[in-house]
Amino acid sequence: MEAEKKAIFSGMQPTGMPHLGNYLGALKNWVALQDEYRCVYCIVDMHSLTVRQDPAVLRRRSRELLQMYIAMGLDPEKAIIYFQSHVSGHAELAWILNCFTYMGELGRMTQFKEKSQKNSDNINAGLFTYPVLMAADILLYNADLVPIGDDQRQHMELCRNIALRFNNIYGDVFTVPEPYLPKIGARIMGLAEPERKMSKSDGANENNLIYLLDKPELIMKKFKSAVTDSGNEVKYSSDKPGISNLLVIYSAATGVDISQAENEFEGKGYGFFKQAVGEAVIEFIKPIQRRFEELNKDKDYVDAIIRANGEKANAIASRVLRKVKKKVGFPAV
Ligand code: ATP
Ligand code: LTN
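Computed from a predicted model, the values in this text were never measured in an experiment.

A.B. asks: Break down the site of ligand 2 for me, citing the residues and quoting the values.
C.D. replies: Taken together, 14 residues sit near ligand 2, with His47, Tyr130, Met134, Asp137 and Gln152 positioned nearest. Separating an oxygen atom of ligand 2 from a side-chain N or O atom of Tyr130 is a distance of 2.6 Å. Contact distances for ligand 2 include 3.1 Å between a nitrogen atom and a side-chain N or O atom of Gln152. Contact with the protein chains hides 91% of the accessible area of ligand 2, taken as 370 Å² for the molecule alone. Contributing elements (two or more residues each) for the shell around ligand 2: strand E1 (7-12) and helix H7 (125-139). Looking at the shell around ligand 2, the element that brings in the most residues is H7, giving 4 residues. In terms of residue class, the shell around ligand 2 is made up of 7 nonpolar, 6 polar and 1 charged.

A.B. asks: So what's going on with the site of ligand 1? Which residues, and what values?
C.D. replies: As a structural note, the neighbourhood of ligand 1 is formed by 22 residues, with Lys115, Asp151, Lys197, Ser199 and Ser201 the closest of them. One of the backbone nitrogen or oxygen atoms of Met198 is found 2.9 Å away from a nitrogen atom of ligand 1. Side-chain polar atom of Lys200 to an oxygen atom of ligand 1: 2.7 Å apart, as the coordinates give it. Starting from 590 Å² of accessible surface for ligand 1 in isolation, the protein chains cover 96%. For the shell around ligand 1, the element with the most residues is helix H1 (residues 20-33), which contributes 4 residues. For the shell around ligand 1, a count of residues per class yields 6 nonpolar, 11 polar and 5 charged.

A.B. asks: Describe in detail the pairing of strand E3 (residues 80-83), supporting the description with residues and values.
C.D. replies: Burial along E3 is two-sided: Ile80 and Tyr82 and Ile81 and Phe83, pointing in opposite directions, are all buried. Inspection of the sheet shows strand E2 (residues 38-43) paired to E3 by 4 bridges, in the parallel sense. Bridge pairing links Tyr41 to Ile81 in E3.

A.B. asks: Go over the side chain of Gln289, please, and point to the residues and values.
C.D. replies: Among the secondary structure elements, Gln289 is positioned in helix H12 (residues 270-296). Residue Gln289 is classed as buried on the basis of its relative accessible area, which comes to 13%. Beyond its immediate sequence surroundings of up to four residues, Gln289 is in contact with Leu212, Leu213, Asp214 and Pro216.

A.B. asks: Got a sec to walk through empty space enclosed by the protein? Specific residues and values, please.
C.D. replies: Following the criterion strictly, the structure yields 1 cavity of 30 Å³ or more and no others. Its boundaries defined by the atoms lining it, the largest cavity holds a volume of some 40 Å³. Gln111, Phe112, Lys115, Leu127, Tyr130, Pro131 and His155 are the residues that line the largest cavity. Classifying every residue of the lining of the largest cavity by side-chain character gives 4 nonpolar, 2 polar and 1 charged.

A.B. asks: Go over unusual backbone geometry with me, naming the residues and quoting the values.
C.D. replies: In the Ramachandran plot, Asn142 falls in the positive-phi region, its phi being about 45 degrees despite a non-glycine side chain. Position of Asn142 relative to the elements: it lies in the loop between H7 and strand E4 (145-147).

A.B. asks: Got a sec to walk through the packing of H1 against helix H10 (residues 241-254)? Specific residues and values, please.
C.D. replies: Relative to each other, H1 and H10 sit at 45 degrees, their axes nearing to 11 Å. Taken together, the axes of H1 and H10 are oblique relative to one another. Crossing of H1 over H10 shows left-handed handedness. When H1 is examined against H10, the residues Leu20, Leu24 and Lys28 are found in contact with a partner set consisting of Ile249, Ala252 and Ala253.

A.B. asks: Kindly report on the environment of Gln152, identifying the contributing residues and their values.
C.D. replies: Topologically, Gln152 is positioned in the loop between E4 and helix H8 (153-170). On a C-alpha basis, the gap between Gln152 and Ala332 in space is 36 Å, while along the polypeptide they are 180 residues apart. Ignoring sequence-local partners within four residues, the contact set of Gln152 consists of Gln111 and Met134.

The rules behind the values
- Residues numbered from 1 in each chain as written.
- Chains lettered and ligands numbered in written order.
- Predicted model: local features only at pLDDT ≥ 70, side-chain atom pairs only at ≥ 80, totals over all residues.
- Heavy atoms only, no water.
- Near = heavy atom within 4 Å.
- Polar contact = N/O pair within 3.5 Å; in protein donor to acceptor, adjacent residues only side chain to side chain.
- Areas by Shrake-Rupley, 256 points an atom, 1.4 Å probe, with all protein chains shown as cover.
- Helix = DSSP H or I, 4+ residues; strand = E, 2+ residues; numbered from the N terminus.
- Nonpolar A, V, L, I, M, F, W, Y, C, P; charged D, E, K, R; others polar.
- Buried < 20%, exposed > 50% of the residue type's maximum accessible area, 1.4 Å probe, protein only.
- Pairing = 2+ DSSP bridges.
- Contact = heavy atoms within 4.5 Å.
- 1 Å grid on protein atoms, 1.4 Å probe; cavity = no way out; pocket = protein on both sides within 12 Å on 5 of 7 lines; lining within 4 Å.
- Points joined across faces, edges and corners; volume = space filled by probe spheres on them.
- Axes fitted to C-alpha atoms, helices over the stretch in contact; angles between N-to-C directions.
- Parallel < 35°, antiparallel > 145°, perpendicular 65-115°, else oblique.
- Left-handed = near helix turned anticlockwise from the far one by under 90°.

Here it is, written out as C-alpha cells:
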C-alpha cells in the first residue's frame with residue numbers, strides 16, 4: 001500500500017517563528033496532505049546559513065520549528081520531520097547538481113536579487129547556489145509534489161529543469177516534481193504594507209506580520225491597526241490591497257469563499273470586518289499554541305522524534321544518492 005502513495009517534500013527555514021503567510025501559503029497544505037501522501041518535511045537549517053545567524057538562536061529556532069510542525073498537526077509517525085543538517089546527502093547531491101546548473105539560471109532568480117540587495121555586505125556563494133540546494137532537497141526524496149507559497153515558484157521551475165537535464169543525460173533518475181499551491185492564500189501580504197509579502201526576515205515593522213505564537217490580544221491589536229483603503233466597502237479589488245489581503249486571510253482561515261465573505265460584511269464597515277478577521281485567526285491558532293506549549297515541556301518526546309525521523313530520512317536519501325553516484329561515474333564503495 002505504502003509504495004503506491006505519491007511522495008511530497010517541502011521545507012521551511014528556521015529563520016524565525018512561522019507567520020500567518022507561511023501557514024496559509026504552505027504549512028496548512030502540509031497537514032492536509034499527510035494522510036494521502038508519503039510526506040517528508042524538512043527544517044532547512046543549511047539554507048538559513050546564507051544569512052548570518054547567531055548559533056544559539058539558530059539552534060533554538062530549529063527546535064522550535066520542529067515543535068511547531070507537530071503542534072500544527074503533523075503526525076511524526078506518518079510524516080517524516082527532520083533537520084536538513086542531519087542528512088549529509090543534501091550537501092552531497094547539491095554539489096553534484098551544482099555541476100548541472102548554469103550561472104545564468106541562478107543569476108535570474110528574483111529571491112537572489114532581492115536578498116543580495118538586503119544583505120549587500122554578505123553576498124556569499126551560498127546565497128547564489130541556494131536554489132540548487134533546494135533542488136537537491138526535493139530530488140533526494142523523489143518528490144512528486146512540493147507544497148509551497150507563490151514566492152517559491154521560480155525555484156521550483158529551476159528544480160524541474162535541473163531534474164530534466166540530468167535525466168536527459170543519465171536516464172530516468174529523478175522524479176520531476178510539480179509545485180502545489182493553495183487556491184487561496186499563496187501570497188499573504190503584510191498587514192501594514194499590503195503591497196509587500198508578509199516575511200519573517202522583515203521584522204522591522206512587527207505590525208506587518210502575525211506570528212503563530214502571538215498572543216490573542218496582540219493578534220487583535222495588529223489586525224485593528226492593519227492598513228485599509230479609502231472608502232468603506234469590504235470588496236476584493238486591485239485598488240484595495242489592504243482589504244483584499246484581509247479578505248484572503250479570512251477566506252483561507254475559515255474556508256468561506258471571498259464572494260460569500262463580501263456578502264457577509266456588506267455595509268458593516270472596516271472596523272467590524274477587521275475584528276472578525278482577527279477573531280477567525282485567533283480561533284484556529286489557539287489549539288496550535290496550546291499544543292506547542294505542551295511540547296515545550298516534553299523534551300524526551302521531541303528528542304526521540306528528532307532521532308527516529310532523522311534516521312528514516314537518511315535511509316531514503318542514501319538510496320537515491322547511491323544511484324546518482326553510480327550514474328555519474330563515481331567508483332563503488
Ligand atoms: P524569509 O523571510 O526568512 O525568507 P519567509 O517568511 O519568506 O522567510 P520561508 O521559510 O522562506 O519564509 O518560507 C516557507 C514557506 O512559506 C514557503 O513555502 C513559502 O513559499 C511560504 N511563504 C512565505 N511567505 C509567504 C507569504 N507571505 N504568503 C504565502 N506563503 C508564504
Ligand atoms: N527555499 C524555500 C525553503 C526550502 C524548500 C525546500 C521549500 C528549502 N528547500 C524544498 C520546498 C522544498 C523558501 O525559502 N521558502
